[in-house]
Amino acid sequence: MWKKIFGKSENANEENSASLFEQVNKDCLPRHIAIIMDGNGRWATGKGMMRSVGHTAGVKALKRTLKAAIALNLEAMTVYAFSTENWKRPAAEVEFLMKLFSEYLEKEIAEMDSDNVRIKFIGRVDELSPGLKKQIADAEQRTANNTGVKFTVGVNYGGQDEMVRAVQSLAQDVKNGSLEPENIDSKLLESRLDTKELPPVDLVIRTSGDMRLSNFLIWQTAYAEFWFTDTNWPDFDKEKLAEALLDYSQRDRRFGGLNTKK
Ligand code: FPP
């Protein structure tokens, strides 16, 4: 199995000479990874620094991880940047995060575009500030025709909220007579989700030790594999990603059926 994902060698000395990442076998990759980037605050306070320093370091980790996804030519990577529940945080932290998202777009969009990344945002983007909404719309438009990694950012996103909005849109069609309730099926509901253009999530990665989904992509992760690490998000890098991919390659995904691996 080690050989299956890393492809090169089972010889320990040879393995030590190349990073895990360099040895990832691109034939065994998930199509869509979803990342809960947790632990920025703990990373910073553990070093006696302000939580905001952790968020800034989290941006660098995100850049590293997106570059790794690009190098692997992953089809889709979705990250949880700000949940519908994160508004409960102190106003100063919320303000800092919003500023960080804005700076991130300003600084990174040209490189993402030249890396052929298609960026999209999911969640209640309409409730963000006019300035950030404009940056998001511009970034999405600029990269709309790119054919590389589909990079999706959840901002003011909640899985339950997304489902409610999808159901409201179906109910509206029933109300105006264009849809019969018995014609509602999972495919139709999926077509009303924010993630309608993305494949289902294959692998969820959550950093910083907690083992929960926290209202992230609750529909899309129905058959996903989960990988947890104690590493805080600001310390996440391509080697950690490679570790997750190795573990993923060893999972027996049955989708409710029988064994697929011999
Ligand atoms: C979780 O750490 C992180 C967040 C709520 C914010 C995520 C934001 C970033 C990683 C910045 C980069 C994102 C973009 C899109 C530029 P936490 O604050 O919950 O940490 P804690 O659990 O240790 O308190």
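Starting afresh in each chain, residues are numbered from 1 along the sequence in its written order. Only residues with pLDDT of 70 or above have their local features reported here, since the model is predicted, and side-chain atom pairs are shown and tallied only from 80 upward, although totals for entire chains, interfaces and linings are computed over all residues. For the side-chain quantities, the full set of heavy atoms in the structure was used; hydrogens and water were omitted.

1. As for the pairing of strand S3 (residues 118-122)
Line of reasoning, step 1. Throughout, exposure labels follow a simple rule: accessible area from a 1.4 Å probe, protein chains only, divided by the maximum for the residue type, with under 20% read as buried, over 50% as exposed, and the rest as partly exposed. Going along the chain from the N terminus, every DSSP run of H or I of four or more residues is numbered as a helix, and every run of E of two or more is numbered as a strand. Extensive coverage of S3 is indicated by the burial of four of its five residues.
Line of reasoning, step 2. Relative to strand S4 (residues 150-157), S3 runs parallel, the two being bridged by five bridges. Paired with Ile-119 across the strands is Phe-151, a residue of S4.
Line of reasoning, step 3. With its strands directed away from the observer, a crossover is right-handed exactly when the path from the first strand over the helix to the second travels clockwise. With helix H6 (residues 130-143) bridging S3 and the parallel S4, this β-α-β connection has left-handed handedness. A strand pair is defined by DSSP finding two or more bridges across the two strands.

2. Some remarks on the site of the ligand
Line of reasoning, step 1. Consider each residue's heavy atoms; a residue with any of them within 4 Å of a molecule or strand counts as near. Surveying the vicinity of the ligand reveals 18 residues, the closest of which are Asp-38, Gly-41, Arg-42, Arg-51 and Arg-89.
Line of reasoning, step 2. Two N or O atoms form a polar contact when they lie within 3.5 Å of each other; inside protein one atom must be a possible hydrogen donor and the other a possible acceptor, and for residues adjacent in sequence the pair counts only when both atoms belong to side chains. One of the side-chain nitrogen or oxygen atoms of Asp-38 is found 3.0 Å away from an oxygen atom of the ligand.
Line of reasoning, step 3. At 3.2 Å, a backbone N or O of Asn-40 approaches an oxygen atom of the ligand.
Line of reasoning, step 4. Computed on the free molecule, the ligand has an accessible area of 610 Å², of which 92% lies beneath the protein chains in the complex. Computed with a 1.4 Å probe, the accessible areas rest on the Shrake-Rupley method; for each residue, only the protein chains presented here act as cover.

3. Section: the packing of helix H4 (residues 51-72) against helix H5 (residues 91-114)
Line of reasoning, step 1. Closest axis-to-axis distance for the H4/H5 pair is 11 Å, and the angle between their directions is 30°. Our classification of the angle between H4 and H5 gives roughly parallel. The interaxial crossing formed by H4 with H5 has right-handed handedness. Taking contact as the criterion, the partners of Arg-51, Ser-52, His-55, Thr-56, Val-59, Leu-62, Lys-63, Leu-66 and Lys-67 in H4 are, on H5, Glu-93, Phe-96, Leu-97, Leu-100, Tyr-104, Glu-108, Glu-111 and Met-112.
Line of reasoning, step 2. Residue polarity is assigned by list, with Asp, Glu, Lys and Arg as charged and Ala, Val, Leu, Ile, Met, Phe, Trp, Tyr, Cys and Pro as nonpolar; anything else, Gly included, falls into the polar class. Classifying every residue of the contact of H4 with H5 by side-chain character gives eight nonpolar, three polar and six charged. Convention adopted: a line fitted to C-alpha atoms gives each axis, helices being fitted over their contacting stretch, and angles between N-to-C directions are expressed from 0 to 180 degrees. Roughly parallel refers to an angle under 35 degrees, roughly antiparallel to one over 145, roughly perpendicular to one between 65 and 115, and oblique to any angle outside these ranges. Should the near helix be turned counterclockwise from the far one by less than a right angle, the crossing is left-handed, whereas a clockwise turn marks it as right-handed. The contact rule is simple, with two residues in contact once any of their heavy atoms fall within 4.5 Å.

4. Comments concerning H5
Line of reasoning, step 1. To estimate the expected span of a helix, count its residues, drop one, and scale the result by 1.5 Å. For H5, built from 24 residues, the straight-helix expectation of 34 Å at 1.5 Å per residue is met to within 8% by its first-to-last C-alpha distance of 35 Å.
Line of reasoning, step 2. When we look at burial in H5, the residues that qualify are Glu-93, Val-94, Leu-97, Met-98, Leu-100, Phe-101, Tyr-104, Leu-105, Glu-108, Ile-109 and Met-112.
Line of reasoning, step 3. In the core, the buried residues of H5 are packed alongside H4, strand S2 (76-83), S3, H6 and S4.
Line of reasoning, step 4. Of the residues flanking the end of H5, it is Asn-116, one or two places downstream, whose phi is positive at about 70°.

These results come straight from atomic positions and should not be treated as a statement about function.
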